[in-house]
Amino acid sequence: MDRIILHSDLNGFYASVECLYHPELRAVPVAVCGSTEQRRGIVLAKNELAKKYGLVTGEAVWQARRRCPQLVTVEPHFEIYMGISRQVREIYETFSDRVESFGLDECWLDVTGSTLLFGDGECIAQRVRETVKKEVGITVSVGVSWNKVFAKLGSDLKKPDAVTVIGRADYRRKVWPLAASALLYVGRSTGRELGRFGIRTIGDLACARPEFLSQRLGKCGETLWAFANGYDLSPVSAAGAMRTIKSIGNSMTTPRDIENEEEAWRVITALSESVAQRLRENGLRCVTVQLSLRDTELVWREHQAKLATPCCTTDELAAKSMELLRESYDFRRPLRSLGVRACSLSDASSGVQLAFFDDTVKRERHEALERSVDGIRKKYGRLAVQRAVLLHDDLTHEGAPAIHLCSPTA
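A few points on the structure. (Residues numbered from 1 in each chain as written. Predicted model: local features only at pLDDT ≥ 70, side-chain atom pairs only at ≥ 80, totals over all residues. Heavy atoms only, no water.)

As for the sheet that holds strand β3 (residues 43-46)
Right, on to step 1. Strand order in the open sheet formed by 3 strands is β3-β2-β4, with mixed pairing between adjacent strands. Every interior strand has two partners, whereas the edge strands, β3 and β4 (72-74), have only one. For this sheet, the mean angle separating the axes of adjacent strands, direction not counted, is 30°. (Pairing = 2+ DSSP bridges. Helix = DSSP H or I, 4+ residues; strand = E, 2+ residues; numbered from the N terminus. Axes fitted to C-alpha atoms, helices over the stretch in contact; angles between N-to-C directions.)

Quick notes on the environment of F212
Right, on to step 1. Tracing the sequence through the fold places F212 in helix α11 (residues 210-217).
Right, on to step 2. F212 sits 161 residues away from V373 along the chain, and the two C-alpha atoms are 52 Å apart.
Right, on to step 3. Not counting chain neighbours up to four residues away, the residues in contact with F212 comprise F197 and I199. (Contact = heavy atoms within 4.5 Å.)

Topic: helix α7 (residues 148-157)
Right, on to step 1. Across the 10 residues of α7, 8 count as buried, placing the element largely inside the fold.
Right, on to step 2. Residues of α7 that are buried: K148, V149, F150, A151, K152, L153, G154 and S155.
Right, on to step 3. Between a side-chain oxygen at the N-terminus of α7 and the backbone nitrogen of V149 the separation is 3.1 Å; the capping residue is N147. (Buried < 20%, exposed > 50% of the residue type's maximum accessible area, 1.4 Å probe, protein only. Polar contact = N/O pair within 3.5 Å; in protein donor to acceptor, adjacent residues only side chain to side chain.)

Some details on the packing of helix α13 (residues 261-281) against helix α14 (residues 314-328)
If you want to describe how two helices pack, look at the angle between their axes and the distance between the axes.
Right, on to step 1. Closest axis-to-axis distance for the α13/α14 pair is 8 Å, and the angle between their directions is 140°. Considering the angle they form, α13 stands oblique to α14. For the crossing formed where α13 meets α14, the hand is right-handed. In contact with E261, A264, W265, I268, T269, S272, E273, V275, A276, L279 and R280 of α13, α14 contributes T314, L317, A318, A319, S321, M322, L325 and R326.
Right, on to step 2. In terms of residue class, the contact of α13 with α14 is made up of 11 nonpolar, 4 polar and 4 charged. (Parallel < 35°, antiparallel > 145°, perpendicular 65-115°, else oblique. Left-handed = near helix turned anticlockwise from the far one by under 90°. Nonpolar A, V, L, I, M, F, W, Y, C, P; charged D, E, K, R; others polar.)

So, unusual backbone geometry
Right, on to step 1. The amide bond that connects K159 to the next residue, P160, takes the cis arrangement and shows omega of -10°.
Right, on to step 2. Among the secondary structure elements, P160 is positioned in the loop between α7 and β8 (163-165).

Quick notes on the packing of aromatic side chains
Right, on to step 1. Taken as a whole and assessed by the stated rule, the structure comprises 15 aromatic pairs.
Right, on to step 2. Taking 5.9 Å as the distance between ring centres and 85° as the angle between the ring planes, the aromatic pair formed by F78 and Y81 counts as edge-to-face. With F78 and Y81 both in helix α4 (residues 78-92), this residue pair falls 3 residues apart, about one helical turn.
Right, on to step 3. Its relative accessible area of 41% is what places F78 among the partly exposed residues.
Right, on to step 4. The exposure class assigned to Y81 is buried, which follows from its relative accessible area of 0%.
Right, on to step 5. Seen in terms of ring centroids, Y185 and F227 are 6.2 Å apart; in terms of plane orientation they differ by 35°. Their pairing is tilted. On the criterion of sequence distance, the pair formed by Y185 in the loop between α8 (171-175) and α9 (188-196) and F227 in helix α12 (residues 219-228) is long-range, its members being 42 residues apart.
Right, on to step 6. Assessed through its relative accessible area of 11%, F227 is described here as buried.
Right, on to step 7. Through pairs of rings, three or more aromatic residues link up here, namely F13, Y14, F78 and Y81.
Right, on to step 8. The ring of W108 carries the charged tip of K148 above its face, separated from the ring centre by 4.5 Å. (Phe/Tyr/Trp six-rings, centres within 6.5 Å; stacked < 30°, edge-to-face > 60°. Lys NZ or Arg CZ within 6 Å of the ring centre and 35° of its normal.)

So, the pattern of salt bridges
Here the idea is simple: oppositely charged side chains can pair when their charged atoms come close.
Right, on to step 1. Taken as a whole, this structure holds 31 salt bridges when the rule is applied.
Right, on to step 2. With its nearest N and O atoms 2.3 Å apart, the salt bridge here joins E316 to R363. Taken as a pair, E316 in helix α14 and R363 in helix α15 (residues 360-380) lie far apart in primary sequence, 47 residues in all.
Right, on to step 3. Between R371 and E367 there is a salt bridge whose closest N-O contact spans 2.9 Å. Note that R371 and E367 are positioned in helix α15 at a spacing of 4 residues, about one turn of the helix.
Right, on to step 4. Judged by its relative accessible area of 36%, R371 falls in the partly exposed class.
Right, on to step 5. Through salt bridges with shared partners, a single ionic network connects E273, R280, D315, E370, D374, R377 and R387. (Salt bridge = Lys/Arg side-chain N within 4 Å of Asp/Glu carboxyl O.)

So, the sheet that holds strand β6 (residues 106-110)
Right, on to step 1. Taken in spatial order, the 5 strands of this open sheet run β5-β6-β1-β7-β8, and their pairing is mixed. The open sheet has two edge strands with one neighbour each: β5 (99-101) and β8. Direction aside, neighbouring strands of the sheet carry axes that sit 20° apart on average.
Right, on to step 2. Across 3 bridges, strand β7 (residues 140-145) lies against β8 in parallel orientation.

None of the figures reported here should be taken as evidence of function without further support.
Structure follows, in C-alpha cells:
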C-alpha cells in the first residue's frame, strides 16, 4: 500500500502575516523586504496582488518598484512569523504525529495512518487547508502524493488556497512536462548543466540514463533521476524529532563594500564567532571550513579547506577563512558579502587525534575560555563580552560592549 504524503506551503507567508495584522494592506500590492539602508533590500515575500506584477522573490526593491510603482514595502517581523509557524504546526499535528518542517512556511505530513479518522489524502488536505484558514487567517496550498518530492511539486502547482493530488496514474501527465528546475534540489547551476545536454523537463530527466547523470552530476544525478521517476522513499520525520545537522554557517551583506583584507578580517571574525558559538551549543566540531564571497558585480564564488584538527573555536575558523580569502581573492573589485560555514561535523564528545606539533593544552584552554564567554553572554546579553577587533565596527553593526575580549589572531 502506498504512503499518503502531504506537503503544506503557506502562501506568501511573510506578506500574508503582515496583511493579517494590518488589514489596510489587503487591498494593495505588498512586499516584505529587507533593509535598503543595510543593503539587504530584496523582496522576501509578496502578496497575491504584488505577484500579478511579476515580482520575484530575491530581486532588489528598486527592481520590484519598477515593475509595480504603487508597491507598499514593509520590514520583516521574524518573531511574529515564528509564532504563527508554530501555531500552524500545532494544527498539522492534530492530523498526524509525523510532521517534518521544511523552513518556517512548509511542512510534510505523513497521514497514511490517519485515513480511518479523517478520510483519504485529498480529504485530509482539504481539512488542513480549511482549518488553517479558519483558525489562523492565512491560506495554504497542499500537495498530495505517495512521496515527499511529488507532494511538494503538488503544492507548487496550484496557488493560493488549493489542493493538488499527484497519483501514480497521472504523475507522468502532471509532472513530466514541468521544467527540470521545478524538481526539488535542482538549483540554478544544476539546471544549467542539465540544459547543456538537452535535459529541460522533468520527463527528460526521468528518461535519461542514470549512468550518464551520475557521470555528469555525481551521486546527485542518480538522486534526481529517482526523484523524477517517483522513487523517493525518504520518510517524514516524527513530530519533534531532531534533524541531523550537516553544516552550520552564517553570511552577511555589509552596509558598505569590503575594500581590503583588514575589513574582510573584521567581518570574517564576526561570522566565525557566530558559527563557533552554534557549534558549541550543538556539541559539535568541524573539519572543513567553507568561505563564500560575492563581489560588487554579484559574482559569487565558494572555497573550502580542511583543518588539521576538528575545532569549534572562533580563532581557528577565522584563521582558516582568512587563509582561503588570501589564496583566492585580490580585491580588484570590493566584496559585497561574505559567508563562513563549518562542514564535515563530528560529535565534540568523541576523541580527537593528537598531533606531535599541536599545543593541545592551549587549544583546550582556548575552547574553555570561549565556552565561558558563551555563558556570560547567555546571562547578560550578546554584547556583554565583545572582541576588540569588532568594537564600534561599522561593517558588522556591533555596539559598545561591557567587557572587551581581544582576539590573539586579530
